[in-house]
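Next come the chains, spelled out residue by residue.
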Amino acid sequence: MVTSAGLTVLLARVAGREVKMHCVGSAAGERRPRAWFPFRNIDCAVDPSRFMNAYGWSPAAPLEQRFADVLSALERRGALAQNDWTPLEADLLEILS
C-alpha cells in the first residue's frame, strides 16, 4: 500500500530531493486543501493486491524504479521545469517558509 505521504517520500528519493512536509491547517487561511490538492477526487491510499490477484498481473519493476524511469525520460526530453508552481501553490509555500 502506498499513502500520499509515502508517495511523496518515494518521489523525493527518486528525484534526489529533500522531503519537507507541512500540515498546512490554519496557515492556509481561507485556502482549503480540497481546493488545490491535485488528487482530491481519488483515494489517497492505493493497494493493488486485489487487482493483481484478480488478473494475475504483477509490475515489471518496483514502483521506485518505474518512477526513476519516468523521471529520466522527462529529463532527457527537457520536460521538467524548476519551481513550476501554480500561483496558489507559490502562495502556500511563501506562507510556510
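Structure first, text after, so check above.
If you're wondering where the values come from, they're calculated on a predicted model, not measured in any experiment. (Residues numbered from 1 in each chain as written. Predicted model: local features only at pLDDT ≥ 70, side-chain atom pairs only at ≥ 80, totals over all residues. Heavy atoms only, no water.)

Participant: Where do I start with the environment of Leu-10 in this structure?
Facilitator: Tracing the chain through its elements places Leu-10 in helix 1 (residues 4–15). Note: C-alpha distance between Leu-10 and Ala-68 (58 residues apart in sequence) is 9.9 Å. (Helix = DSSP H or I, 4+ residues; strand = E, 2+ residues; numbered from the N terminus.)

Participant: Help me understand the packing of aromatic side chains, please; the structure alone is not making it clear to me.
Facilitator: To describe a pair of aromatic rings, one takes the distance between the centres and the angle between the planes. Scanning the model with the defined rule gives two aromatic pairs in all. Taken together, a centroid distance of 4.8 Å and an interplanar angle of 45 degrees make the contact between Phe-51 and Tyr-55 tilted. Of this pair, Phe-51 and Tyr-55 are both found in helix 3 (residues 49–55), four residues apart, which corresponds to roughly one turn of the helix. With a relative accessible area of 45%, Phe-51 lands in the partly exposed category. Three or more aromatic residues joined by ring pairs make a cluster, and in this case those are Phe-51, Tyr-55 and Trp-57. (Phe/Tyr/Trp six-rings, centres within 6.5 Å; stacked < 30°, edge-to-face > 60°. Buried < 20%, exposed > 50% of the residue type's maximum accessible area, 1.4 Å probe, protein only.)

Participant: What is the right way to read helix 1 from this model?
Facilitator: Note on helix geometry: an α-helix contains 3.6 residues per turn, so any two residues three or four positions apart are oriented the same way. Spanning twelve residues, helix 1 covers 16 Å between terminal C-alpha atoms, matching the ideal 16 Å at 1.5 Å per step. Every buried residue belonging to helix 1 is among Leu-10, Ala-12 and Val-14, and all of these are buried. Check the buried side of helix 1 and you find it contacts helix 4 (63–77). Two residues or fewer past helix 1, Gly-16 is found with a positive phi of approximately 70 degrees. (Expected span 1.5 Å × (residues − 1). Contact = heavy atoms within 4.5 Å.)

Participant: What should I look at first to understand a nonpolar patch on the surface in this one?
Facilitator: Together, Val-9, Val-19 and Met-21 give the surface a local cluster of nonpolar side chains, amounting to about 220 Å² of exposed area. Following the sequence through the fold, Val-9 ends up in helix 1. Relative accessible area serves as the criterion here: at 34%, Val-9 is assigned to the partly exposed category. (Patch = residues over 30% accessible without salt bridge, like charges linked within 9 Å, V, L, I, M, F, W, Y side chains within 5 Å. Areas by Shrake-Rupley, 256 points an atom, 1.4 Å probe, with all protein chains shown as cover. Salt bridge = Lys/Arg side-chain N within 4 Å of Asp/Glu carboxyl O.)

Participant: How do you make sense of the environment of Ala-68 when you look at a structure like this?
Facilitator: Along the chain, the position of Ala-68 falls in helix 4. On the accessibility criterion, Ala-68 (27% relative accessible area) is partly exposed. Taking the C-alpha atoms as reference points, Ala-68 and Ala-15, 53 residues apart in sequence, are found 7.6 Å from one another.

Keep in mind these numbers describe shape, not what the thing actually does.
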